[in-house]
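Understanding the architecture of this molecule
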Amino acid sequence: MGCAALVRLFTTEYRKGWRDHLLHFLSSFLLSLFLGSLLFIGLLFSLRYNLEACAIISSGTVMLLTTSLFISQRVRCFTLLFLISCSLTQGRNLLLAAGMGLVFLWNVSNTFRNLHQVAQSIVCNLDKEVDIQVRVPPPLRTSVDMIRKVAERMNTLAEFGVVRFEVTTTVSGRVEEDEAQERLQEARQMLKATAEMVEAFYNTAVSVGHKVAPGVGVIVLAVTTILFFKMYRQNKRYQNSYITPKFIRYDERQKAEGKPHVLPLTKKEAKRYPSIPSACPTLSDGKSALIFFIPVAVHLLTWSALIVLDALLYWIIQTVNRHLTQSRPIIVPLEVSVNNYQIPLSYSIEMFKKECLPQPTLLISQSLVPLSVILVVVAIMGLLSPKTLQGKVLLIDRFYCDCATDRAQHLHAKIVRKRSKKKLRGLLCATERMSNSGFPYSSQ
């Protein structure tokens, strides 16, 4: 009885005595306090406002909303409609935004990190090629050693000759590496600047999206709720296809007065005009669920593409690393023949240094578990989403009984007209068949 009294006080303007006004004020304050608490949590944890600003904004909202709910019936109806929509549509949007944030936090950032390691690996290999301690690169150093060995061999062979001669050979090789070191330093600085720029852009985009998306979602949902509220009250044909309790009572009065009644409906009519509240799914419920899952499918494809891209890059880097690790150094064979004496001077070149190979990471397991939980919750919400329209219809009918009566009468008259037209078409078809069969027919 207490709950029924609170519902009556909240949905109608009929109140007498200070007790009814006090109960109505308490119900308005509790609803405002609940919404203010949600706003406080959103500002504090989502938008990262400071505690004082969150408290001031939330307190002002609670006071303003309490006054509006206590005074205006429209505000009370709109607030409850908004909460019904928020429970599924906005909840879905917030969960999808959270899922996208997880994908960017783990997978996209991991992709950037792996690409950065690839770039660092290239710079590391270039750095290793420039030997700071020994200024002569390996191929040139090998050539110098070859010339020195040839000179030593010539001196050895000269000792057995008739004429003794000495060959003094001084070979030096040097490559200026100041320019190479300068280029490598420029490459390191450019790589660092690019990484910092990408990270700054990424953090800015995520922060802006994290702060703007909830606000935009709330504004869009508020506008759609206002349009639904306005269209429902002003247009009798808008969403007027449900057999409500008001419709059933009106049909019973029509039947008691001996006027045309429509209940029970035919099977075809029952599919077109479902009864509410009802747990049985209908064709319109399927359409509503399909519309609900369209953004979910778009987000799921986006998540899958980003996760697959991260996994593909990881697989490519690991495959290249495995082949480079298993590859042997390149052997450059050199032989010098002096008086038919062969001097081997072969040397090897490592194309990639093992210490410079990138070490990629894969974070799919960390993102798949929370994303799976989000998808399960959204799927449950999607199955319940078709019933939100029924809840809105019943809620407005509760607040505006006159509007509900007019809509019930309009739908009742529509069904009666359709049945009358159907009977008339059947009678005309039967008359035409009788005429074609040769039976005498009189209009009298």
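As the structure is a prediction and not an experimental result, all values here were calculated from the model.

Once that is clear, we can look at the overall build of the chain. For the chain, the count of helices and strands is 12 helices and 4 strands. Within the chain, buried positions represent 29% of all 444 residues. Considering only contacts within the chain whose residues lie at least 6 apart along the sequence, 80% involve residues at least 24 apart. Counting every atom, the chain has about 28700 Å² of accessible surface; 66% of that belongs to carbon and sulfur.

Under the counting rule described, the total for this entry stands at 6 aromatic pairs. What links up through ring pairs into an aromatic cluster is the set Phe228, Tyr232 and Tyr238. The ring of Tyr400 carries the charged tip of Arg233 above its face, separated from the ring centre by 4.0 Å. The lysine or arginine in question, Lys392, covers the ring of Phe228, its NZ or CZ lying 5.1 Å from the ring centre.

Considering soluble globular proteins, one finds that nonpolar side chains tend to be buried as a cluster. Within the largest apolar cluster, 19 residues are counted, with the highest numbers of intra-cluster contacts made by Cys77, Ile396 and Tyr400. The set of elements that each furnish at least two residues to this core consists of helix 2 (17–46), helix 3 (51–71), helix 4 (73–129), helix 6 (178–234) and helix 11 (386–399). Beyond its immediate sequence surroundings of up to four residues, Ile396 is in contact with Cys77, Leu81, Phe228, Phe229 and Tyr232. In terms of nonpolar packing, the next biggest core, distinct from the first, is built from 14 residues, Leu96, Ile307, Ile364 and Met381 among them.

Taken as a whole, the second largest pocket encloses approximately 670 Å³ of empty space. Around the second largest pocket, the lining comprises 24 residues; the ones closest to its centre are Ser85, Thr89, Ile291, Thr388 and Lys392. Taken together, the elements giving at least two residues each to the lining of the second largest pocket come down to helix 4, helix 6, helix 9 (283–326) and helix 11. Partitioned by chemical class, the residues of the lining of the second largest pocket number 11 nonpolar, 11 polar and 2 charged.

A word on empty space enclosed by the protein. Counting across every chain of the model gives 1 cavity of 30 Å³ or more. Taken as a whole, the largest cavity spans an internal volume of roughly 70 Å³. Surrounding the largest cavity, Tyr232, Gln239, Asn240, Tyr242, Thr244, Phe247, Val393, Asp397, Ala404, Arg407, Ala408 and Leu411 form its lining. At the level of elements, helix 11 and helix 12 (401–437) are the ones that each hand at least two residues to the lining of the largest cavity. Top contributing element to the lining of the largest cavity by residue count: helix 12, with 4 residues.

Examined against the element boundaries, Asn321 turns out to sit in helix 9. One polar contact links the side chain of Asn321 to the main-chain carbonyl oxygen of Pro358, over a distance of 2.6 Å. Sequence-distant contacts of Asn321, that is, excluding residues within four places in its chain, are made with Leu357, Pro358 and Pro360.

For Ser37, the location among the structural elements is in helix 2. Relative accessible area serves as the criterion here: at 35%, Ser37 is assigned to the partly exposed category. Expressed as a C-alpha distance, the spacing of Ser37 and Thr61, which sit 24 residues apart in the sequence, is 9.9 Å.

Turning our attention to unusual backbone geometry. Negative phi values dominate among residues other than glycine, just as trans dominates among peptide bonds. Cis geometry marks the peptide bond from Leu263 to Pro264, where omega comes out at 0°. For Pro264, the position within the fold is in the loop between helix 7 (245–256) and helix 8 (267–272).

Two cysteines whose sulfur atoms are joined by a covalent bond form what is called a disulfide. All told, the structure shown has 0 disulfides when counted by the stated rule. The closest cysteine sulfur to the non-disulfide-bonded Cys403 is located on Cys77, 9.7 Å from its own sulfur.

The topology assignment puts Thr319 in helix 9. For Thr319, the side chain forms a polar contact with the main-chain oxygen of Trp315, separated by 2.7 Å.

Let us look at the confidence of the model for the chain. Looking at the chain as a whole, its pLDDT mean stands at 75, while 70% of the residues score no less than 70. Contacts of residues 132–137 to residues separated by more than four positions or lying in other chains number 10 contacts, the stretch itself having pLDDT below 50. Segment residues 171–177 is flagged for pLDDT under 50; beyond a separation of four residues in sequence, or across chains, it makes 13 contacts in the model.

Cut-off values and rules
Residues numbered from 1 in each chain as written. Predicted model: local features only at pLDDT ≥ 70, side-chain atom pairs only at ≥ 80, totals over all residues. Heavy atoms only, no water. Helix = DSSP H or I, 4+ residues; strand = E, 2+ residues; numbered from the N terminus. Buried < 20%, exposed > 50% of the residue type's maximum accessible area, 1.4 Å probe, protein only. Contact = heavy atoms within 4.5 Å. Areas by Shrake-Rupley, 256 points an atom, 1.4 Å probe, with all protein chains shown as cover. Phe/Tyr/Trp six-rings, centres within 6.5 Å; stacked < 30°, edge-to-face > 60°. Lys NZ or Arg CZ within 6 Å of the ring centre and 35° of its normal. Core = buried A, V, L, I, M, F, W, Y, C linked by side-chain atoms within 4.5 Å. 1 Å grid on protein atoms, 1.4 Å probe; cavity = no way out; pocket = protein on both sides within 12 Å on 5 of 7 lines; lining within 4 Å. Points joined across faces, edges and corners; volume = space filled by probe spheres on them. Nonpolar A, V, L, I, M, F, W, Y, C, P; charged D, E, K, R; others polar. Polar contact = N/O pair within 3.5 Å; in protein donor to acceptor, adjacent residues only side chain to side chain. Disulfide = S-S within 2.5 Å. pLDDT = per-residue confidence, 0-100.

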